[in-house]
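Summary of the model geometry
Next come the chains, spelled out residue by residue.
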Amino acid sequence: MAAPSAAQRIVIENAAIATVDANDTEYASGYLVVADNKIESIGAGKAPEGLENVVRRIDATGHLITPGLVNTHHHFYQWITRGLATDHNLFNWLVALYPTWSRIDESMVRVAAQGSLAMMARGGVTTAMDHHYVYPKNSGDLSGAIIGAASDMGVRFTLARGSMDMSEKDGFLPPDFAVETTEGALAATEETVKKFHDASFDAMTQVAVAPCSPFSISTQLLKQGAELARRLGVRMHTHGSETVEEEKFCHELFGMGPTDYFESTGFLGEDVWMAHCVHMNDSDIAAFARTGTGVAHCPSSNARLAAGIARVPDMLKAGVPVGLGVDGTASNESGELHTELRNALLINRLGAHREAALNARQALRLGTYGGAQVLGRADNIGSLEAGKLADFVLWKIDGLGHSSIADPVTAVVFGAAAPVTASFVNGRQIVENNRLLFADEEQIARDARAEAQRLARITAQS
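- Per an unreviewed UniProt entry, the protein chain goes by the name 8-oxoguanine deaminase and belongs to Streptomyces exfoliatus.

Structure follows, in structure tokens:
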């Protein structure tokens with residue numbers, strides 16, 4: 001038997017480091033050693049002497065190293081419908097855009113996924129997720145296209161395989177031709193999990209079961225979706241408590257608010273995370289804390305659709321796991337997660353807690369360790385600790401936008417979007433000097449424009 005090959009090491013020195021570990025350990029000038037795809041050691045000062053098989057050394061003077069950002073809610077396909085219905089609330093926005101979204105196909109979805117992933121990856125996202133729930137008939141292999149785009153980009157990825165089975169004929173929002181049958185959606189979801197989900201420690205692709213929202217799915221789909229997820233051992237995701245209209249809808253149709261409705265269907269628990277959660281009362285927050293249900297906080301999208309301000313400080317105080325989400329780029333046209341660090345902090349300070357709502361380090365934790373918790377991966381990503389996977393970012397903070405801010409974390413969170421000198425996923429560099437190493441940004445832009453125009457023509461003709 002051949003001897004195992006020795007680990008190849010990358011040594012990074014002279015950087016400020018925010019580990020986001022349980023103690024919020026930070027180093028004003030420290031080192032990080034990567035062995036293959038894991039963090040081998042981290043600390044203050046210079047790296048240990050005598051390290052073998054060092055294939056690369058990086059002098060990170062003028063940089064802050066943080067864990068890679070973790071996106072917990074997105075809709076990639078919306079990359080080709082940005083800038084539409086810009087003055088609508090959620091329900092009116094959905095009604096305006098569902099007829100367009102319902103005509104997507106595999107080519108459109110692949111390009112939209114590439115655009116969404118590229119924008120996030122070059123801004124420090126190392127783990128992304130996509131809640132894809134629109135599966136028109138004869139539209140091709142949409143899940144495969146999305147997962148393929150993430151694999152090509154080199155980003156760690158969770159596909160939340162969504163579904164809708166209730167349409168306008170049932171008194172719900174989606175057009176009739178945009179939904180699946182309950183049985184078809186469950187079968188396709190199970191097939192996707194079995195084909196793509198990887199449960200290993202260093203998995204690059206995972207799959208969650210993700211019925212869309214209370215106003216597009218049946219109670220049967222929600223209950224059976226929860227049963228399916230737990231039988232297969234995967235996580236569950238949906239939208240919840242996003243608007244006052246949703247609250248009213250649930251009370252009228254189910255006789256209870258969204259949180260109580262979800263709990264009645266088995267859709268709360270440590271294996272569940274929910275997007276938005278803007279309109280949560282004390283009882284709702286207590287239910288999330290009691291069950292360990294996570295929240296994907298999407299501050300820019302919540303503001304764009306005038307949904308309101310989520311009670312993030314109260315959720316955190318209660319012990320609710322909270323991460324950050326871009327949400328779809330039809331309601332957050334920038335498509336960047338690193339700007340959500342700043343927006344989460346600022347928008348929450350407009351709420352009841354004012355200046356005490358969030359600080360810079362809490363915002364960074366939301367975007368890193370909090371996201372890892374929500375995706376069920378806090379044991380392997382989300383903080384910089386020996387033994388964890390080597391997903392991390394070098395933010396340049398000695399340039400014009402940041403050099404006069406003394407505290408590095410404050411510079412990245414409060415300041416302008418910091419340039420990404422390098423981003424690593426699984427020990428492999430995927431970004432250098434704000435440019436993707438495994439994708440052609442200009443070609444993605446051209447392809448996205450062409451597919452957006454094709455979708456607009458198809459919609460107009462229909």
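**A word on the environment of Leu 32**
- Tracing the backbone shows Leu 32 in strand E2 (residues 26-35).
- Contacts of Leu 32, omitting those with residues within four sequence positions, involve Ile 10, Val 11, Ile 12, Ile 39, Ser 41, Ile 42, Ile 65 and Phe 392.

**With respect to helix H4 (residues 182-196)**
- Counted at 1.5 Å a residue, the expected span for H4 with its 15 residues is 21 Å, and the 21 Å between its end C-alpha atoms agrees.
- Of the residues making up H4, those classed as buried are Thr 182, Ala 185, Leu 186, Ala 188, Thr 189, Glu 190, Thr 192 and Val 193.

**Regarding the pattern of salt bridges**
- Counted by the stated rule, this structure contains 23 salt bridges.
- Of the charged contacts in the structure, one is a salt bridge between Arg 290 and Glu 263, with a shortest N-O distance of 3.0 Å. On the criterion of sequence distance, the pair formed by Arg 290 in helix H8 (residues 282-291) and Glu 263 in helix H7 (residues 258-264) is long-range, its members being 27 residues apart.
- Measuring nitrogen to oxygen at the nearest pair gives 3.9 Å for the salt bridge that ties Arg 354 to Glu 355. The pair Arg 354 / Glu 355 is uniform in exposure class, with both members exposed.

**Some points on the nonpolar core**
- Judged by nonpolar contacts, the single largest core of 113 residues is most densely connected at Trp 93, Trp 101 and Met 315.
- Among the elements that make up this core, the one with the highest residue count is helix H2 (residues 106-121) (ten residues).
- Not counting chain neighbours up to four residues away, the residues in contact with Met 315 comprise Cys 277, Met 280, Ile 285, Val 295, Ala 310, Val 320 and Val 322.
- Membership of the second largest hydrophobic core comes to 17 residues, among which are Ile 12, Ala 15, Ile 17 and Leu 394.

**Observations regarding the state of the cysteines**
- Enumeration according to the criterion identifies zero disulfides in this entry.
- Unpaired in terms of disulfides, Cys 212 finds its nearest cysteine sulfur in Cys 250, a separation of 13 Å.

**Some words on the pairing of strand E8 (residues 156-163)**
- Of all eight residues in E8, eight are buried, a share of seventy percent or more.
- Of the two faces of E8, the one holding Arg 156, Thr 158, Ala 160 and Gly 162 and the one holding Phe 157, Leu 159, Arg 161 and Ser 163 are both buried throughout.
- By the bridge criterion, six bridges tie strand E7 (residues 125-132) to E8 in an arrangement that is parallel. For His 132, the partnering residue across the bridge sits in E8 and is Arg 161.
- Between the parallel elements E7 and E8, the chain passes through helix H3 (residues 142-153) in a crossover that is right-handed.
- In terms of strand pairing, E8 meets strand E9 (residues 205-211) through seven bridges, oriented parallel. Across the sheet, Leu 159 pairs through a bridge with Val 207, a residue of E9.
- Taken together, E8, H4 and E9 form a β-α-β motif whose crossover is right-handed.

**A word on unusual backbone geometry**
- At Ser 241, a position not held by glycine, the phi torsion is positive, near 50 degrees.
- Residue Ser 241 is classed as buried on the basis of its relative accessible area of 3%.
- One non-glycine residue with positive phi stands out, namely Ala 306, at about 55 degrees.
- The topology assignment puts Ala 306 in the loop between helix H9 (299-304) and helix H10 (312-318).

**Concerning the side chain of Thr 81**
- Take Thr 81: it is sitting in the loop between strand E6 (69-70) and helix H1 (90-101).
- On the basis of relative accessibility, which here comes to 2%, the residue Thr 81 falls in the buried class.
- Side chain to side chain, Thr 81 and Trp 101 meet in a polar contact 3.0 Å long.
- Not counting chain neighbours up to four residues away, the residues in contact with Thr 81 comprise Thr 100, Trp 101, Ala 330 and Leu 455.

**Regarding the environment of Ala 344**
- Mapped onto the elements of the fold, Ala 344 is located in helix H11 (residues 338-348).
- Relative accessible area serves as the criterion here: at 0%, Ala 344 is assigned to the buried category.
- Considering only alpha carbons, one finds Ala 344 and Leu 324, 20 residues apart in sequence, at a separation of 8.2 Å.
- Once you skip the residues sitting within four places of it in the chain, Ala 344 turns out to touch His 297, Pro 299, Leu 324, Leu 358 and Leu 366.

**A short note on the packing of H4 against helix H5 (residues 219-232)**
- With their axes 10 Å apart at the nearest point, H4 and H5 run at an angle of 20 degrees to one another. With respect to H5, the axis of H4 lies roughly parallel. H5 is crossed by H4, and the crossing has right-handed handedness. The residues of H5 that touch H4, namely those facing Thr 182, Glu 183, Ala 185, Leu 186, Thr 189, Glu 190, Val 193 and Lys 194, are Gln 220, Leu 221, Gln 224, Gly 225, Leu 228, Arg 231 and Leu 232.
- Of the residues in the contact of H4 with H5, the class split is six nonpolar, five polar and four charged.

**Observations regarding the pairing of strand E1 (residues 9-18)**
- The element E1 is extensively covered by neighbouring structure, given that nine of its ten residues are classed as buried.
- In terms of strand pairing, E1 meets strand E4 (residues 54-59) through five bridges, oriented parallel. If you follow Ile 12 over to E4, its bridge partner there is Ile 58.
- Pairing analysis gives seven bridges linking E1 to E2, with the strands arranged antiparallel. Note that in E2 the partner of Arg 9 across the bridge is Ala 35.
- In terms of strand pairing, E1 meets strand E5 (residues 63-67) through two bridges, oriented parallel.

How each quantity is defined
All residue numbers refer to position in the chain's written sequence, counted from 1. Local features are withheld for residues below a pLDDT of 70 in this predicted model, meaning they are given only at 70 or higher, and side-chain atom pairs are given and counted only at 80 or more; totals for whole chains, interfaces and linings count all residues. Hydrogens and waters are ignored; side-chain quantities use all the structure's heavy atoms. Helix and strand labels come from DSSP, where a helix needs a run of H or I of at least four residues and a strand needs a run of E of at least two; each type is numbered from the N terminus. Whether two residues are in contact is decided by their heavy atoms: any pair within 4.5 Å suffices. Take the number of residues in a helix, subtract one, and multiply by 1.5 Å to get its expected span. Only protein chains enter the accessibility calculation, which uses a 1.4 Å probe; a residue is then buried when its area is under 20% of its type maximum, exposed when over 50%, and partly exposed in between. A side-chain nitrogen of Lys or Arg and a carboxyl oxygen of Asp or Glu constitute a salt bridge if their distance falls within 4 Å. Put simply, a nonpolar core is a bunch of buried Ala, Val, Leu, Ile, Met, Phe, Trp, Tyr and Cys residues held in one set by side-chain atoms that sit within 4.5 Å of each other. Any cysteine sulfur atom paired with another within 2.5 Å is treated as part of a disulfide. Two strands qualify as a pair provided DSSP detects at least 2 bridges between them. Throughout, right-handed denotes a crossover for which the path from the first strand over the helix to the second runs clockwise when the strands point away from the viewer. Contacts described as polar in this section are N or O atom pairs within 3.5 Å, which, within protein, must combine one atom able to donate a hydrogen with one able to accept it, while residues neighboring in sequence count only if both atoms come from side chains. For helices, the axis comes from a line fit to the C-alpha atoms of the stretch in contact; other axes are also lines fit to C-alpha atoms, and the angle between any two N-to-C directions lies between 0 and 180 degrees. Put simply, angles under 35 degrees are roughly parallel, angles over 145 are roughly antiparallel, angles from 65 to 115 are roughly perpendicular, and the rest are oblique. Should the near helix be turned counterclockwise from the far one by less than a right angle, the crossing is left-handed, whereas a clockwise turn marks it as right-handed. Lys, Arg, Asp and Glu make up the charged group, whereas Ala, Val, Leu, Ile, Met, Phe, Trp, Tyr, Cys and Pro make up the nonpolar group; the residues left over, Gly among them, are polar.

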